[in-house]
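# Examination of the molecular architecture
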Amino acid sequence: MKMKKRYKIPLIILGTIIIVCLLGLILFQFVFKNPKEEKPPITNVANVTNKIEGYDYTLDDRDTEIFSLKFKELKEILDNNDNEEEYAKLLAQLFVIDLFTIDNKTSKYDIGGLEYLHTNAKESFRSKILDTIYKTVEDNSYNTRKQNLPVVKNAEVLDIKKTTYTYNNQKEDAYEIEINWEYIENLGYDTSAKITMIKEENKLAIVSYIPTK
C-alpha cells in the first residue's frame, strides 16, 4: 500500500502541472496574442457628381472629359424629352466609352456600361466581359496599379436606323447603331461595333453588342 501511495502522489502533481500549463497557454492565446492586422480602408473610391433622375444614369468624379461632355448632352435631351434618336446615339457612345475606358476602373469586377443595358441582359453580359475584356485587369483599390489599360478618346456614330428586334419571343421596336471609337493608345481592344437597343419602360436599353472590328 505504501508503494502505491508513493507513485500516486507524483502522478497527481504531474497532472496538476500539465493542467496549469494548458490553462496558462489558453490564457496567453486570448490575452497576449497579437490582433489580426486589418487592411487599410480603400482609397480609390468613385463618387457620383451628377445623375439623370428617372433613368439611373450617373456621372462619377473619375469619368473622363469626353464621357462627361456626352453625359451632359444626354441629360439636356432627356430633361427636355426631346429627340429619341439623339438619345439613342448618345447612349451608344456613353456605353462604349464607359466599357472600354478601363484605366479608371478599380478592379476587373468594376465593369463599365452596365447601367445602359436591359435589365435582363446585364448578368450574362457582365459574366462574358469578366471572362474576356476585363479578365486580366489588376486591382487598383489603393491607386498602386502599374498596368497599361485603355482610355477611349472619341466615339462616333456612323449609322442609326429603326428596326425590329425579337427579344424574349416578342418583336420590339428597336434602334440599330453602328459605332466606332478611338483610344489614346491602341492596345488591341475593340474599335467598332453594332449595338441594338429597345425600350424598357421609360428608357432605351441595350440588348445586343456585336464587335465588328
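These notes cover the structure that comes with them.

Conventions used here
- Residues numbered from 1 in each chain as written.
- Predicted model: local features only at pLDDT ≥ 70, side-chain atom pairs only at ≥ 80, totals over all residues.
- Heavy atoms only, no water.
- Helix = DSSP H or I, 4+ residues; strand = E, 2+ residues; numbered from the N terminus.
- Buried < 20%, exposed > 50% of the residue type's maximum accessible area, 1.4 Å probe, protein only.
- Contact = heavy atoms within 4.5 Å.
- Areas by Shrake-Rupley, 256 points an atom, 1.4 Å probe, with all protein chains shown as cover.
- Pairing = 2+ DSSP bridges.
- Axes fitted to C-alpha atoms, helices over the stretch in contact; angles between N-to-C directions.
- Parallel < 35°, antiparallel > 145°, perpendicular 65-115°, else oblique.
- Left-handed = near helix turned anticlockwise from the far one by under 90°.
- Nonpolar A, V, L, I, M, F, W, Y, C, P; charged D, E, K, R; others polar.
- Phe/Tyr/Trp six-rings, centres within 6.5 Å; stacked < 30°, edge-to-face > 60°.
- Core = buried A, V, L, I, M, F, W, Y, C linked by side-chain atoms within 4.5 Å.
- Arc of directions from axis to C-beta.

## So, the overall build of the protein chain
- From N to C terminus, the protein chain includes 4 helices and 6 strands.
- Across the 213 residues of the protein chain, 39% fall into the buried class.
- Relative to all contacts within the protein chain whose residues are 6 or more apart in sequence, the contacts with residues 24 or more apart total 53%.
- Summed over all atoms, the accessible surface of the protein chain reaches about 14000 Å², with 52% contributed by carbon and sulfur.

## Structural notes on the pairing of strand β3 (residues 152-167)
- As judged from the 14 bridges shared by β3 and strand β4 (residues 170-183), these two strands associate in the antiparallel manner. Its bridge partner being in β4, Asn-154 is matched across the sheet by Glu-182.

## Topic: the sheet that holds β3
- An order of β3-β4-β5-β6 is seen for the 4 strands of this open sheet, with the pairing classed as antiparallel. With one partner strand each, in any of the chains shown, β3 and β6 (203-211) form the two edges of the open sheet. In this sheet, neighbouring strand axes are inclined to one another by 25° on average, regardless of whether the strands run parallel or antiparallel.

## Focus on the packing of helix α2 (residues 65-79) against helix α3 (residues 84-100)
- The geometry of α2 relative to α3 is characterised by a closest axis approach of 10 Å and an angle of 155° between their N-to-C directions. Accordingly, the angle class assigned to the pair α2 and α3 is roughly antiparallel. Pair α2 / α3 crosses with left-handed handedness. Residues Ile-66, Phe-67, Lys-70, Phe-71, Glu-73, Leu-74, Ile-77 and Leu-78 of α2 touch α3, and the partners they reach there are Glu-86, Tyr-87, Leu-90, Gln-93, Leu-94, Ile-97 and Asp-98.
- In terms of residue class, the contact of α2 with α3 is built from 10 nonpolar, 1 polar and 4 charged.

## Here's the deal with the packing of aromatic side chains
- The full count for this structure, using the stated rule, is 10 aromatic pairs.
- Residues Phe-125 and Tyr-209 carry aromatic rings whose centres are separated by 6.4 Å and whose planes lie at 85° to one another, so their mutual orientation is edge-to-face. With Phe-125 in helix α4 (residues 122-131) and Tyr-209 in strand β6, the pair connects residues that are 84 residues apart, well separated along the chain.
- For Phe-125, a relative accessible area of 12% puts it in the buried group.
- Of the aromatic side chains, those joined through ring pairs into one cluster are Phe-95, Phe-100, Phe-125, Trp-181 and Tyr-209.

## Observations regarding the nonpolar core
- Counting residues in each nonpolar core, the largest one holds 48 residues, and the members touching the most others are Tyr-57, Tyr-87, Phe-95, Ile-179, Trp-181, Ile-195 and Met-197.
- Mapped by element, the contributors of at least two residues to this core are β2 (57-60), α2, α3, α4, β3, β4, β5 (192-200) and β6.
- Broken down by element, the residue count for this core peaks at 11 residues, all from α3.
- The contacts of Met-197, once residues within four sequence positions are left out, are Ala-88, Leu-91, Ala-92, Asp-173, Ala-174, Tyr-175, Ile-177, Leu-204, Ala-205, Ile-206 and Val-207.

## A closer look at α4
- Inspection of α4 places Phe-125, Ile-129 and Leu-130 among the buried residues, and these make up the whole buried set. All buried residues of α4 fall inside an arc of 130° around its axis, so they share one side. Turned more than 90 degrees from where α4 packs its buried face, Glu-123, Ser-124, Lys-128 and Asp-131 sit exposed.
- Close packing links the buried residues of α4 with α3 and β6.

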